[in-house]
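# Structural overview
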Amino acid sequence: MSNKTAEKFIIKILNSGFKRAAKSFSQLIGKKVSITNSQPVILVKHGEDDSPLAEKEEGDLIVLTTQLMGEITGKSFLILSDAESQEIFKTLGLKLSEELKEGFLLEIDNIISATVIADICNELGVEVYGDVPHLFHVHASELDEFMKSKVSEADMASIVFSNTTFHFDVGDDIHPQFIWRFSNKIFDIIPADKLKAIE
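Structural notes, computed from the coordinates. Fair warning: this is a prediction, and the values are worked out from it, not measured in the lab. (Residues numbered from 1 in each chain as written. Predicted model: local features only at pLDDT ≥ 70, side-chain atom pairs only at ≥ 80, totals over all residues. Heavy atoms only, no water.)

## Focus: the pairing of strand β3 (residues 60–70)
- With six bridges joining them, β3 and strand β6 (residues 134–139) adopt antiparallel strand pairing. Within β6, the position partnered with Ile62 by the bridge is His137.
- Where β3 folds back onto strand β4 (residues 74–81) in an antiparallel hairpin, the turn is made up of three residues.
- In this structure, β3 lies alongside strand β5 (residues 128–130), joined through three bridges in antiparallel fashion. Note that in β5 the partner of Gly70 across the bridge is Val128. (Pairing = 2+ DSSP bridges. Helix = DSSP H or I, 4+ residues; strand = E, 2+ residues; numbered from the N terminus.)

## Remarks on the pattern of salt bridges
- Taken as a whole, this structure holds four salt bridges when the rule is applied.
- The salt bridge involving Lys12 is made with Glu123; its shortest N-O contact spans 3.9 Å. With a gap of 111 residues between them, Lys12 in helix α1 (residues 3–29) and Glu123 in helix α3 (residues 98–124) connect regions that are remote in the sequence.
- On the accessibility criterion, Lys12 (39% relative accessible area) is partly exposed.
- Judged by its relative accessible area of 23%, Glu123 falls in the partly exposed class.
- Two residues, Lys101 and Glu98, come together in a salt bridge whose shortest N-O distance is 3.6 Å. Of this pair, Lys101 and Glu98 both sit in helix α3, separated by three residues, roughly a single helical turn.
- Assessed through its relative accessible area of 16%, Lys101 is described here as buried.
- For Glu98, a relative accessible area of 54% translates into the label exposed. (Salt bridge = Lys/Arg side-chain N within 4 Å of Asp/Glu carboxyl O. Buried < 20%, exposed > 50% of the residue type's maximum accessible area, 1.4 Å probe, protein only.)

## Focus: the packing of aromatic side chains
- A full pass over the atoms with the stated rule returns four aromatic pairs.
- Of the aromatic side chains, those joined through ring pairs into one cluster are Phe18, Phe178, Trp180 and Phe182. (Phe/Tyr/Trp six-rings, centres within 6.5 Å; stacked < 30°, edge-to-face > 60°.)

## Focus on the pairing of β4
- Most of β4 is tucked away, with eight of its eight residues classed as buried.
- Residues of β4 alternate between two faces, with Gly74, Ser76, Leu78 and Leu80 on one and Lys75, Phe77, Ile79 and Ser81 on the opposite face, all of them buried.
- Relative to β4, β3 runs antiparallel, the two being bridged by eight bridges. From the neighbouring strand, Thr65 faces β4, where its bridge partner is Phe77.
- Of the pairings in the sheet, the one linking β4 to strand β9 (residues 177–182) comprises six bridges and is antiparallel in character. Bridge pairing in β9 places Ile79 opposite Gln177.

As structure tokens, then:
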């Protein structure tokens, strides 16, 4: 099977995770959240590609990270602009302290990461779990250096970029970047019958 087929399968898992995350997100805030683009923009970057590890952003950003542990290792990065963060808080209709805002964003990251990790476990038959998420304030001009500092050279071969749209019934859409760094093993252990079904 080709590497492209394996990439398509991993993308399929991410798409499924995002859709389930939207449902969990809805339950958390008590308002409907949906994925409006059924095929989020997702691409895979390999080690020989030295292009930036994230799309260009502007201003102050919030980056939430979750370490993946178990049979497949890696790290996820959820990147939100200030405007996207404020839009999320606006949907709640509540005044929150900075501490509560950060706690809420950490919970959102936890929800999205957990749904994708669960789908990885189910589809690949492996045991993977996420560590406690962490939140960082990063200026856009420092984003690429920040990303590189969190991704070791040994793990550069499997970087998956995604950009999907979460739609709130009240308020504007948000388009966060979600970046996953996976160990190469994830592409090697996909069952042959699942790869064949993708072709």
